[in-house]
Structures are given as structure tokens and as C-alpha cells.
Amino acid sequence: MTNEKFDLYCKEYFSSLRNNKLTEAMAYAFEGGKHFRPELIFAVVKGFNLDEEDAYPAALALEMVHSYSLIHDDLPCMDDADLRRGKPSVHKAYGEDIAVLAGDGLLTHAFGVLADADYRDHIRLSMISDLSSLAGLNGMLHGQYLDLTHSNKEEVDNDILNEIQDYKTGALFETALFFAMYLTGDEDHIAFYEGLAIKMGRVFQLQDDLFDQERSENETGKSTTDVANEKASSLCVYNSEELKAQIDKLFAEIDDDLEHAPFIASYFKELIQQMKER
Ligand code: IPE
Ligand code: IPE
Ligand code: MG
Ligand code: MG
Ligand code: MG
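Now for a quick tour of the structure. Keep in mind that what you see is a predicted model, and the values were worked out from it rather than measured. (Residues numbered from 1 in each chain as written. Chains lettered and ligands numbered in written order. Predicted model: local features only at pLDDT ≥ 70, side-chain atom pairs only at ≥ 80, totals over all residues. Heavy atoms only, no water.)

1. Describing helix α1 (residues 4–15)
Compared with the 16 Å implied by 1.5 Å per residue over twelve residues, the 16 Å span of α1 between its first and last C-alpha is a close match. Among the residues of α1, those classed as buried are Phe6, Cys10, Tyr13 and Phe14. Down the axis of α1, the buried set is contained in an arc of 95°. They therefore lie on one face. Facing away from the buried side of α1 by more than 90 degrees, the exposed set consists of Glu4, Lys5, Leu8, Lys11, Glu12 and Ser15. In the core, the buried residues of α1 are packed alongside α2 (21–30), α3 (36–47), α4 (56–74) and α6 (96–115). (Helix = DSSP H or I, 4+ residues; strand = E, 2+ residues; numbered from the N terminus. Expected span 1.5 Å × (residues − 1). Buried < 20%, exposed > 50% of the residue type's maximum accessible area, 1.4 Å probe, protein only. Arc of directions from axis to C-beta. Contact = heavy atoms within 4.5 Å.)

2. Remarks on the environment of His189
Structurally, His189 can be placed in the loop between α9 (158–184) and α10 (190–214). According to the relative accessible area criterion, His189 is partly exposed, its value standing at 34%. Put simply, His189 and Phe178 are eleven residues apart on the chain and 10.0 Å apart in space, counted from C-alpha to C-alpha.

3. Observations regarding the coordination of the magnesium ion (ligand 4)
Expected angles at a metal are 109.5 degrees for tetrahedral coordination by four donors and either 90 or 180 degrees for octahedral coordination by six donors. Protein-derived ligands of the magnesium ion (ligand 4) are Asp73 (OD) and Asp79 (OD), with the metal-ligand distances lying across 2.0 to 2.1 Å. In this structure the magnesium ion (ligand 3) is found 3.1 Å away from the magnesium ion (ligand 4), and Asp73 serves as a bridging donor for the pair. Using a relative accessible area of 8% as the deciding quantity, one classes Asp79 as buried. (Donors = N, O, S within 2.8 Å, 3.2 Å for Na, K, Ca; no water.)

4. As for the site of ligand 2
Surrounding ligand 2, one finds Ser69, Leu70, Asp73, Asp79, Arg84, Met140, Gln144, Lys168, Gln205, Asp208, Lys222 and Asp226. A distance of 2.7 Å is found between an oxygen atom of ligand 2 and a side-chain nitrogen or oxygen belonging to Arg84. Summarising the interface, the protein chains cover 91% of the accessible area of ligand 2, which totals 390 Å² for the free molecule. Put simply, the parts of the chain that give the shell around ligand 2 at least two residues each are α4, α8 (140–149) and α10. For the shell around ligand 2, a count of residues per class yields two nonpolar, three polar and seven charged. (Near = heavy atom within 4 Å. Polar contact = N/O pair within 3.5 Å; in protein donor to acceptor, adjacent residues only side chain to side chain. Areas by Shrake-Rupley, 256 points an atom, 1.4 Å probe, with all protein chains shown as cover. Nonpolar A, V, L, I, M, F, W, Y, C, P; charged D, E, K, R; others polar.)

5. Brief notes about the site of ligand 1
The environment of ligand 1 is made up of Gly33, Lys34, Arg37, His66, Leu70, Arg85, Thr169, Phe204, Gln205, Asp208 and Lys222. At 2.7 Å, a side-chain N or O of His66 approaches an oxygen atom of ligand 1. Arg85 places a side-chain nitrogen or oxygen 2.7 Å from an oxygen atom of ligand 1. Considering every element that reaches the shell around ligand 1, the biggest residue donor is α10, with three residues. Across the shell around ligand 1, the residue classes break down as two nonpolar, four polar and five charged.

Geometric descriptors of this kind do not, in isolation, establish any biological role.
Structural data, given as C-alpha cells:
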């Protein structure tokens, strides 16, 4: 997923910050991702014939929170992962102390990006409230907590697996779709966006777990040590074949949902296609 215009917008944001090792680490952590969550926002916004640039502040803020979550996820006390996006993880490149602060910085300033955005008050406040809730205890943080506290096959069943996926991964997808909903004013279809986000979070995390098992670190660009470390993942519940069947089933449901999308779905379908091919 290349989007030079959005990349440039993000670069300009980071170069506007105080220049030191901490902000260097924040920019390092931000770089190199697929920008899947921003592209989700853009796909819906474009589906309403609006300009994707209007969504840049929202997309930057969300990607900042996602990048912070990965810095902390990689720390030795969490997944203990040394490789991220084909580079040493932030704590390997800058030390654990700076890595923790870089995560704090991305999280804290994401809210500033939304507060300073040139959006109507209702939109800014809704985004800030949703991001706090869905990146926090009603979302990603709760999922990460469950992930860390269920560490082997005995403790993970299908229900807890779904809860982990819906919170740790689905919640930021939901944030993306909710941001798009505020930007487009399409607030009547909240149930549609919620349902779609949950399915996308599950399929995305199932794929991620499958790649952890089947692909090399060279291919994924990140440490694939979750199985060896007995982390809670779908591999505790399903074998690879079952996982692939689950993935196909979820994609079929997503395709079906998109037939009834409240927006022109072609951009979104393109994104789903890229997801299927990843
Ligand atoms: C990784 O997310 C964390 C998961 C939820 C599986 P991405 O696969 O979107 O990571 P980047 O941003 O492209 O590196
Ligand atoms: C992490 O899931 C999801 C987050 C909220 C950070 P993983 O631990 O599977 O993500 P990767 O594989 O390290 O990217
Ligand atoms: Mg993890
Ligand atoms: Mg991890
Ligand atoms: Mg993973």
C-alpha cells in the first residue's frame, strides 16, 4: 500500500516536532507500516465521493496509536520481539527506556492531532472520545491485557480467542470506520460499521497468527516467536487448515456485507482484495 501524499503529510508532522532522540524514535516507530487502518478510513471517505485528504489528521492520529501499540507489544515484558517492519524493534534500536517514552509520545500526541484538526467540534470530540475508549479499556488495551494473561493452550478457547481478537485488533478497525462515519456524516449505519470491523479484525488477526506459524521472519519483517513463547493466539485453538477455512469463511461474510454497504464499495473491495492476497 503506497500513498505518497499521506506519507508526506505524516513526515511533515514528525518534522514539526522538537528534534531529539525521543522524537527520532517516535518517527522510527511510525515508519514502514502498511497503513491499513488509514486506508480503511480513506476507502470509506472516497466511497462517499469525498476527498481523502480531509481524513489525513484522523488517519495520522489512528496510525500513531497503532504504532505506539506495536512498540509496547514488542517490549521484552510483552512479546519480546526484536524485529519489526524489517528493522530492529524500537527498544533494540533506542533502548527500552526511550521505547517506552516513544510509545507514550505517540499515544499522547495522537489526541493532540485530533484536537488540533480542522474538523467541526462534534467530529473532533466524537473522534477523541472513541479513540480513548477503543484504544483503551473498551478496546485494544483490554485485548492486550487478555492476550498477556492467557498464555497457553489450556487457557485459550474459542470464546476467549474471539474476545482477544475483537478487542486487540478489531477495536482499532472499528475506530477507523467510526472516524470515516463522522467525516462522512453517515452516522445512521453504525451497526454496519461495527459488524464489518469485528469481522475484519478477526480475519486480519487470524492471518497474522497463520503467518507467524508459516512464514519466515524475512518474509514477515517481524519476529515470529509467538508460538514458541506460548502466546495466546488462534494457533492454540485451530491448526493451519482450520485457520485457513475460518479465514475463507470470514472473507465470504465480508464480501456479502459489502454488497449492502451504505457507500460506493469499490475502494473498500480493493482493500479487501489486498488483504486476501497478503
Ligand atoms: C500488526 O498490525 C498488529 C496486528 C494487529 C496483527 P499490521 O499488520 O497492520 O502492522 P503494520 O502497521 O503493517 O506493521
Ligand atoms: C498485537 O498482536 C496487536 C496489538 C494490539 C499490538 P500481535 O502481537 O500478534 O502483533 P504482531 O504479530 O506482534 O505484529
Ligand atoms: Mg502481542
Ligand atoms: Mg506481537
Ligand atoms: Mg502476531
